Amino acid sequence: MTLGFMAVGVAAVTLLIIGHPHPQARENRATPDAAKLAAIDSGLATGNAPAPPPSPSADWTVLNVDTLPDDDWGRTVRYGRDLITKTYALIGPEVADASHRYSGNNLACESCHLEAGTKKFGLPLQGVYADFPNYRARSGAVGTIEGRINGCMTRSMNGRALPLDSPQMTAIVAYLKFLSTGRPVGAPTPGRGPGRMAEMTRAADPVRGKAIYTQTCAACHGENGQGQRTGRVGDGGGYSVPPLWGDDSFNDGAGMDRLISAANFIHNNMPVGTTWQQPVLSVEDSWDVTAFVLSQPRPQKAHLDRDFPLRIEKPADAAYGPYLDGFSREQHKFGPFLPIEEKLAALKAANRDHTPGGN
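The paragraphs below set out a description of the structure included in this document. (Residues numbered from 1 in each chain as written. Predicted model: local features only at pLDDT ≥ 70, side-chain atom pairs only at ≥ 80, totals over all residues. Heavy atoms only, no water.)

On to the pattern of salt bridges. Applying the stated criterion across every chain yields a total of 17 salt bridges. We note a salt bridge from Asp66 to Arg81, for which the minimum N-O separation is 3.4 Å. With Asp66 in the loop between helix 2 (34-42) and helix 3 (72-85) and Arg81 in helix 3, the pair connects residues that are 15 residues apart, well separated along the chain. On the accessibility criterion, Arg81 (18% relative accessible area) is buried. The residue Arg196 makes a salt bridge to Glu341 at a minimum N-O spacing of 4.0 Å. Separated by 145 residues along the polypeptide, Arg196 in the loop between helix 7 (167-179) and helix 8 (206-216) and Glu341 in helix 13 (residues 338-353) bring together distant segments of the chain. Looking at Arg196, the relative accessible area reads 48%, which means it is partly exposed. Classification of Glu341 as partly exposed rests on a relative accessible area of 26%. Counted as one network, the salt bridges with shared partners bring together Arg202, Arg208, Glu284, Asp285 and Asp288. (Salt bridge = Lys/Arg side-chain N within 4 Å of Asp/Glu carboxyl O. Helix = DSSP H or I, 4+ residues; strand = E, 2+ residues; numbered from the N terminus. Buried < 20%, exposed > 50% of the residue type's maximum accessible area, 1.4 Å probe, protein only.)

Shown next as structure tokens:
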């Protein structure tokens with residue numbers, strides 16, 4: 001899985017998870033029969049309640065950057081696309097020009113944002129430009145699109161921020177603007193995000209998930225989650241199959257290190273070739289294999305205690321403290337999340353009741 005917004009996947013994790021699938025990934029994975037797919041879709045394969053399918057997209061048009069003219073705008077947009085798909089080769093830790101080493105790992109943004117950010121429920125980038133500026137709970141402030149990009153650079157890519165006036169930042173923003181062509185500011189884009197499947201009433205089980213990983217994911221991502229390099233260490237060639245943990249993966253501050261986001265990404269995209277209409281892994285298997293991947297060691301991001309300064313806005317699956325709700329780190333990491341979500345909802349309601357004008 002191939003994972004990643006960071007940018008995590010099963011067979012072949014964009015997360016992360018990840019883009020540039022191994023050429024044999026599709027051939028190696030078993031194709032489920034129609035009965036199994038029907039059982040998974042109905043929830044019968046796991047005994048869980050049926051997972052509501054993600055909202056379908058009635059209007060999903062992928063614009064082709066290669067149709068743009070060979071002028072400053074067209075070249076800039078195409079460079080932005082290349083930064084998404086070949087991050088490791090252009091601004092990765094092994095590029096020849098040390099001043100361009102912004103990414104701290106050899107992943108690509110496409111590792112999480114599949115198909116250059118254009119795949120439905122593959123953490124697409126379509127419509128993102130029209131969302132900003134907006135309020136970000138993680139910072140507790142209104143943020144810009146440049147700030148959001150740098151959040152990925154320092155978390156999913158485990159690197160450093162791009163200068164706001166750099167050609168790389170300009171190009172990525174231009175590409176995101178191009179992908180949002182025709183999208184009204186603030187309007188929803190159906191098909192965004194990783195989708196949303198039913199949550200389990202039990203905690204996700206990393207021990208059970210290890211067996212699923214061994215059977216479904218290890219052939220491509222490696223027994224130790226190391227992925228498969230395109231070339232050799234030091235050549236800036238990145239991975240044909242991305243690593244899911246270890247020093248060259250996303251850090252623990254990345255969005256893909258949160259179970260709900262990563263499990264939904266895996267369910268709707270992994271193994272490579274999976275679509276949200278026909279998931280291969282069951283709901284239960286998706287939660288458990290993700291728990292195994294996220295239980296493995298990865299780089300640590302400093303100062304995570306500064307995230308979500310308004311603790312009441314901290315998501316239930318943020319696996320690092322401090323917490324306002326009184327639940328353990330273990331439950332924040334693996335669930336079940338419903339008790340946490342109910343407690344946070346009660347705290348928010350109480351806060352409104354005690355705020356002047358809150359009613």
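Counting 36 residues, the largest nonpolar core has Tyr213, Met256, Leu259, Trp287, Val289, Val293 and Phe337 as the members making the most contacts within it. Taken together, the elements giving at least two residues each to this core come down to helix 8, helix 10 (259-269), helix 11 (283-294) and helix 13. Among the elements that make up this core, the one with the highest residue count is helix 11 (seven residues). If you look at the next biggest cluster of nonpolar residues, it comprises 27 residues, including Ala116, Val128, Tyr175 and Leu176. (Core = buried A, V, L, I, M, F, W, Y, C linked by side-chain atoms within 4.5 Å.)

All we've got here are geometric facts, nothing functional implied.
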